[in-house]
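Examining the three-dimensional arrangement
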Amino acid sequence: MSKKVYIGCGAGFAGDRFDASIPIVKQLSKINAPKYLMFEVLAERTLALAQQLRTKNSEEGYSPFLDSYITPILSDCLENNIKIISNIGAANPMGAAKRIFEIAEKQKIKKPKIGVVIGDDLLAYMSDSEILESPTMEGLDFSNNKITAANVYLGAKPIADALEKGADIVVVGRSVDSALALGPLIYEYKWKENDLDLMAAGTICGHLLECGAQVTGAYFADPGYKDVPDLAYVGFPIAEVHEDGTFVITKPDGTGGLVNEATVTEQLLYETHDPSSYLVPDVTADMTSLVLENDGINRILVKGAKGNTPPKQLKATICCDNGFMGEAEMSYAGPNALARARLAGEIIDQRIQKLGIQGPMRIEIIGGGSVHYSLDETASYELPNNGDYRVRASAIYPHKKQAQQMIDEVTSLYCSGPSAGGGARSYVTPQSSTASILVDRSIVNPQIEVKIL
Amino acid sequence: MKTIDLPVHAIAHARAGDKGDVSNISLIAYLDNGWDLINNLVTEDKIQSIFKRLGSTKVDRYELPNLKALNFVIHNALGGGVNSSLRLDRHGKTLSSHLLLELVLPITKNMIPIKSPYLEKFIED
């Protein structure tokens, strides 16, 4: 039987289930082949928060969930030669490596060899003005705000280099999520960077894995129409990748969830724009030629990936602080509840206008089509007047005090609003805005460094 | 064969993703004849008419016949995007369900997967 490389994914976002990787590690431990466990835990906003933590304390700024993901599986992974690849480094990959050493020491296991990829943090080698002068792809005009984070998406090559240098664990900051899978494949199969079909196959494999259980039946169940067994214990994905770039998506034995053409297709197109042009630093991947085949129960074979020349420039995300969001809610239920919730919304609107705070504001009725309509719109489907509704007001203001004033107006509906309002909740949260820019490879490449600790 | 106007939910499923202020929604047919129907009838204009109210300025449509799927890229539909939207659902994750309900098509019984509750609509009284 020909060689296969196994790649499991234990987390698809910062805050995904902390015990999800345990069945993957158990399954991979039984297999004698190159095997990897990736954790994708870095959202755009997470990085801005991590950058702030590092500014306060130079030891911090790695993923706040590092301990929760790494502690349960570190010893089993090292013992069974399962290599860990993760963007858990966030704003401080060196700090993350240091923390992993501490966990290993506490667990009295041999010290792992950790590869750290540096170079995604543009603030380390570009001035604010150089960053702001870069061509903008999308997002806000940042000229009046202080940049809190600016990170360029790195590709798979540095991860492969770290593995080449003998790393048991590779920690990165910002890289494209799919590189967490493509990196190990480049290393294991010695794929050449100009073999674009293979770069595309590894990228698409990584793209299918990067959101964890979203490819194995999670984010899919629609009871009666699309049923998924045992979603409470959904198995996270494992890819079995062949040297020619074809791969099977499956999940650990004895877990819940479902892998079929429908679950894989939904995830394939998730956060994809033009499917013939999925851009990452290593390749422009074409999904339109893909073919999915059943390969047994909960096994889908993916083949036919095509690749084109990678984009000339690299994408970077920049973040800045952008005021404070106030959000507040109050429930109305029973007879004529919809009318009372709507009246509450009108009162909030009048009170905020009287206060004279300027800023974008939205009032909506939860239960009344809130996610698709606002107070002044009517849902296309009929809403019963008797029911269970919740008025919600949200606004973003430059100052925290203004956001607090807005939510206070909602809380005051307890005694000063329509009949029988209850269950008020309110929050003020700092806001961070992002924009995407393009950076030349000639600026980034000399800064990429792979350290083995 | 008898056709009934039903939400596209009867013959297809969908998932929404976000990048900045751009939403992408896939529309994937369960069966081959459902694919023919959505591929023939679901245009950029049709999707724009559903999402215009949410701010959409432009819709791009992509076909993936191998996967019985369409992918729609809906511009400026997310109230500024996940970091600045005032909506409860800042990512627009629920917009896929909005599409499945609001998009109504002339559907025949044989486009609907077995066991689907929509089959009851075709029971003759």
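Here's a quick rundown of the structure. These figures come from a predicted structure and were not determined experimentally. (Residues numbered from 1 in each chain as written. Chains lettered and ligands numbered in written order. Predicted model: local features only at pLDDT ≥ 70, side-chain atom pairs only at ≥ 80, totals over all residues.)

Of the residues lining the interface, 27 residues belong to chain B; the matching set on chain A comes to 40 residues. Contributions of two or more residues to the side of chain B that touches chain A are made by β2 (12–19), β3 (22–29), β4 (58–64), β5 (69–75) and α3 (95–102) of chain B. Sort the elements by how many residues they give to the side of chain B that touches chain A and β2 of chain B lands first, with five residues. Looking at the side of chain B that touches chain A, its residues break down into nine nonpolar, 12 polar and six charged. (Contact = placed C-beta atoms within 7 Å. Helix = DSSP H or I, 4+ residues; strand = E, 2+ residues; numbered from the N terminus. Nonpolar A, V, L, I, M, F, W, Y, C, P; charged D, E, K, R; others polar.)

Right, let's get into helix α1 (residues 21–29) of chain A. Those residues of α1 of chain A not exposed but buried are Ser-21, Pro-23, Ile-24, Val-25, Gln-27 and Leu-28 of chain A. Residues of α1 of chain A that are buried in the fold lie against β1 (5–11), β2 (35–39), α4 (74–79), β3 (82–86) and β8 (238–241) of chain A. (Buried ≥ 20, exposed ≤ 12 C-beta atoms within 10 Å, placed from the backbone.)

Take the sheet that holds strand β14 (residues 306–308) of chain A next. All names here are of chain A. Here we have three strands laid out as an open sheet, ordered β10-β11-β14, and antiparallel in their pairing. Each edge of the open sheet is held by one strand with a lone partner, namely β10 (278–280) and β14. Mean inter-strand twist for the sheet, computed between neighbouring axes without regard to direction, equals 30°. Where strand β11 (residues 283–286) lies against β14, three bridges are found, and the strand directions are antiparallel. Its bridge partner lying in β14, Asp-286 is registered against Lys-306. (Pairing = 2+ DSSP bridges. Axes fitted to C-alpha atoms, helices over the stretch in contact; angles between N-to-C directions.)

All names here are of chain A. For Lys-4, the location among the structural elements is in the segment before β1. Residue classification places Lys-4 among the partly exposed residues on the basis of 17 C-beta atoms within 10 Å. Along the backbone, Lys-4 and Phe-247 are 243 residues apart, and their C-alpha atoms lie at a distance of 8.9 Å. Sequence-distant contacts of Lys-4, that is, excluding residues within four places in its chain, are made with Ala-33, Glu-240, Val-241 and His-242.

Glycine aside, a negative phi is what most residues show, and trans is what most peptide bonds show. Of note, Asn-336 of chain A is a non-glycine position whose phi angle comes to about 60°, a positive value. Relative to the helices and strands, Asn-336 of chain A is located in the loop between β15 (313–334) and α11 (337–355). The class for Asn-336 of chain A is partly exposed, based on 15 C-beta atoms found within 10 Å. Of note, Lys-68 of chain B is a non-glycine position whose phi angle comes to about 55°, a positive value.

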